[in-house]
Amino acid sequence: MGEADSWRSRRQILATTAAGTGTALAGCSGAGGGSGPGSLTVSVFGGAFKDILDETLFAPFEEETEITVQSEAQGGAADVIPNLEGAVRNGNAPVDLLIMTVPGVLRGINSDLWHRWASDEFENTQFIEDDLMTHDDGDLIGVGSMGWFINLVHNTEEFGGSLTSWNSLWDSQYEEQLAMMSPAVTGFLPDITAEVRLNGQDLLDTEDGIREVFEELSGIVPQSALWYTNEANFQSRLASGEIPAGMLYHDITRVLRVSQDAPVQSTFPDEGSVLGSGRWVSPRTTENTEAAKQLIEYASRPETQDRITRELFTFPAIEEQHSSLNDEEYARAAGPGIEEAIIPSFELYVEQEQLVNQLWNELIVQGQ
């Protein structure tokens, strides 16, 4: 498929991601109460992702609005949501705004974590893909922030050639050399396993199928040198060659290569990258909803979305007609295009959370 065709077909693929995905707060202890007036505490993915957003989103927003932004690194939803639940129950808001993957958004809805916006409260959400907006009972809960890919990555000075297939995770020649994402809801390894090693993601529709998938998934454990919940824990080790390869976000790897001249490469696997997307959400206990609203409005502008894509190599949450990206710029962010991606069974990680966590602990964590 050509780059232009991939770009034009993006809307229909994004429609299948509406059920969503999950992220996490590194320092979400429940202490404190977010930011004071005229300031925001914002939680985003760590490492290079955070560094680029500091420069391309938060700094220009501060200059325009004079609202101070303090950004904090976060890991996966499995860590963030429980911490947020405790904080919100106590009336605290450890952060004012988060980028949360959709499983995390859905879990937060079930736990009454999020601030509810009126459906017509924002002006610039007119530019965001409808399928990247999360609603509940007529209220707006989450606004699309951006999309991303999970790829295979390697250090070009310490590793002999690119990993081109997800099957590499099961290859004994890479024993104790690869970094893997943890838990299951972060890296979607059950979806990769079902799609690449077995008979497809339909297996994840039944308990027997889920168990079969996890039995096969356990075969990657000997190859793991690191299980990480926060990408910052891997990216520095990848750049130095300490851990020479593994799975990581394409955007972060590209930033390391382009902005920091690190000897790293991101490869779109033959079977497809894993496609994810995020939402802006606010804890319902924050007192800074007006400042949070202003940041969401700013982040939803087409020029802001395109600027982030050009610098961070994520793909924009806005509808194609509002974007000024050309095919080459889109290809740098999306490779062969989102139609080639593996779309996780997002509902699995919410509806079967207990079973997934149990099998992850029994077959992955205890096998390390």
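Note that residues are indexed from 1 along each chain, following the sequence as it is written. This being a predicted model, a pLDDT of at least 70 is required before a residue's local features are given, and a value of 80 or more before pairs of side-chain atoms are given or counted; all residues contribute to the totals for chains, interfaces and linings. Hydrogens and water are ignored here; the side-chain numbers use all heavy atoms of the structure.

*Asks:* Which parts of the structure should I look at to understand the packing of aromatic side chains?
*Replies:* Any two aromatic rings considered together are summarised by their centre-to-centre distance and by the angle between their planes. Two rings from Phe, Tyr or Trp (for Trp, the six-membered ring) form a pair when their centres are within 6.5 Å of each other. A pair whose planes differ by under 30 degrees is stacked, one over 60 is edge-to-face, and the rest are tilted. For the structure shown, the criterion picks out 13 aromatic pairs. These aromatic residues form a ring-pair network of at least three members: Phe 45, Phe 49, Trp 148 and Tyr 249. When the NZ atom of lysine or the CZ atom of arginine is within 6 Å of a ring's centre and also within 35 degrees of its normal, the charge is said to sit over that ring. The aromatic ring of Phe 313 is capped on one face by Arg 254, whose charged end is 4.8 Å from the ring centroid.

*Asks:* Is there a simple way to explain the side chain of Asn 288 in this structure?
*Replies:* Take Asn 288: it is sitting in the loop between strand 11 (274–281) and helix 11 (289–299). There is a polar contact of 3.3 Å between the side chain of Asn 288 and the side chain of Asp 96. Numbered from the N terminus, helices here are DSSP runs of H or I no shorter than four residues, and strands are runs of E no shorter than two. Throughout this description, a polar contact denotes any pair of N or O atoms lying within 3.5 Å of each other; where both atoms belong to protein, one of them has to be capable of donating a hydrogen while the other can accept it, and for residues adjacent in sequence the pair is counted only when both atoms sit in side chains.

*Asks:* Can you help me understand the environment of Phe 58 in this one?
*Replies:* With respect to the element layout, Phe 58 can be found in helix 3 (residues 48–65). Residue exposure (1.4 Å probe, protein chains only): buried if accessible area is under 20% of the type maximum, exposed if over 50%, otherwise partly exposed. Under the relative-accessibility criterion, Phe 58 is labelled buried at 3%. Contact between two residues is taken to exist if any of their heavy atoms lie within 4.5 Å; hydrogens are not considered. Contacts of Phe 58, omitting those with residues within four sequence positions, involve Val 42, Val 44, Leu 53, Val 69, Ser 71, Trp 280 and Leu 295.

*Asks:* What is the right way to read the nonpolar core from this model?
*Replies:* Across soluble globular proteins, you tend to see nonpolar side chains buried next to one another. Among the buried residues, those of types Ala, Val, Leu, Ile, Met, Phe, Trp, Tyr and Cys that are joined through side-chain atoms within 4.5 Å form a nonpolar core. Leu 53, Trp 166 and Trp 280 are the most contacted members of the largest nonpolar core, which has 90 residues in total. Not counting residues up to four positions away in its chain, the partners in contact with Trp 166 are Ile 150, Asn 151, Leu 152, Ile 192, Val 196, Met 247, Pro 269, Glu 271, Gly 272, Val 274 and Ile 342. Grouped together as the second largest cluster of nonpolar side chains are 14 residues, Ala 77, Val 95, Trp 114 and Val 281 included.

*Asks:* I'm lost on unusual backbone geometry in this one. Help?
*Replies:* Along the chain, Ser 182 connects to Pro 183 via a cis peptide bond; the corresponding omega equals 0°. On the secondary structure map, Pro 183 appears in the loop between strand 7 (178–181) and helix 6 (184–187). Phi angles above zero are rare outside glycine, and Phe 313 is one such case at about 70°. For Phe 313, a relative accessible area of 8% corresponds to the buried category.

*Asks:* Where do I start with helix 5 (residues 102–110) in this structure?
*Replies:* Counting buried positions along helix 5 yields seven of nine residues, so the element is predominantly enclosed. The first or second residue beyond helix 5 is Asp 112, which carries a positive phi of 55°.

*Asks:* Is there a simple way to think about the pattern of salt bridges in this case?
*Replies:* Side chains that carry opposite charge are capable of pairing whenever their charged atoms lie near each other. Whenever a carboxyl oxygen of Asp or Glu lies within 4 Å of a side-chain nitrogen of Lys or Arg, that contact is scored as a salt bridge. Counting across every chain of the model gives ten salt bridges. Linking Arg 197 and Glu 216 is a salt bridge whose minimum nitrogen-to-oxygen distance equals 2.9 Å. Linking Arg 197 in helix 7 (residues 189–197) with Glu 216 in helix 8 (residues 207–217), this pair joins segments that are 19 residues apart in sequence. A relative accessible area of 32% places Arg 197 in the partly exposed class. Take Glu 216: its relative accessible area is 24%, and that puts it in the partly exposed class. With its nearest N and O atoms 3.1 Å apart, the salt bridge here joins Glu 207 to Arg 211. With Glu 207 and Arg 211 both in helix 8, this residue pair falls four residues apart, about one helical turn. Residue Glu 207 is classed as partly exposed on the basis of its relative accessible area of 45%. On the accessibility criterion, Arg 211 (33% relative accessible area) is partly exposed. Each member of the salt-bridge network shares a partner with another, and the members are Arg 116, Asp 136 and Asp 139.

*Asks:* I tried to follow the packing of helix 7 against helix 8 on my own but got confused; where do I start?
*Replies:* Helix packing for two helices is described by the angle between their axes and how far apart those axes are. All axes are obtained by fitting lines to C-alpha atoms, using only the stretch in contact for helices, and the reported angles, taken between N-to-C directions, cover 0 to 180 degrees. As a packed pair, helix 7 and helix 8 sit with axes 9 Å apart at the nearest point and diverge in direction by 90°. Taken together, the axes of helix 7 and helix 8 are roughly perpendicular relative to one another. Where helix 7 approaches helix 8, its residues Leu 189, Pro 190, Thr 193, Ala 194 and Arg 197 are matched on the opposing element by Val 213, Phe 214, Glu 216 and Leu 217. Amino acids outside the nonpolar list (Ala, Val, Leu, Ile, Met, Phe, Trp, Tyr, Cys, Pro) and the charged list (Asp, Glu, Lys, Arg) are all regarded as polar, and Gly is one of them. Considered class by class, the residues forming the contact of helix 7 with helix 8 number six nonpolar, one polar and two charged. Angles below 35 degrees are treated as roughly parallel, those above 145 as roughly antiparallel, those between 65 and 115 as roughly perpendicular, and all remaining angles as oblique.

*Asks:* I would appreciate a short explanation of helix 4 (residues 77–89) in the present structure.
*Replies:* In an α-helix there are 3.6 residues to a turn, and that puts residues three or four apart on one side. One less than the residue count of a helix, multiplied by 1.5 Å, gives the span that helix is expected to have. Between its first and last C-alpha atoms helix 4 spans 18 Å; for 13 residues at 1.5 Å apiece the expected length is 18 Å, and the two agree. When we look at burial in helix 4, the residues that qualify are Ala 77, Val 80, Ile 81, Leu 84, Gly 86, Ala 87 and Val 88. Phi for Gly 91, located one or two positions after helix 4, is positive at around 80°.

*Asks:* How should I be thinking about the confidence of the model for the protein chain in this particular structure?
*Replies:* Detailed conclusions should not be drawn from predicted coordinates in areas where pLDDT is low. For every residue, the pLDDT score states the predictor's confidence, bounded by 0 at the bottom and 100 at the top. Looking at the protein chain as a whole, its pLDDT mean stands at 89, while 90% of the residues score no less than 70. Predicted confidence for residues 1–33 stays below pLDDT 50, and this span has 114 contacts to residues more than four positions away or in other chains.

*Asks:* Would you mind going over the side chain of Thr 125 with me for this structure?
*Replies:* Position of Thr 125 relative to the elements: it lies in the loop between helix 5 and strand 5 (134–136). You can call Thr 125 buried: its relative accessible area is 14%. When residues no more than four places from it in sequence are discounted, the contact partners of Thr 125 are Met 133, Val 143 and Glu 297.

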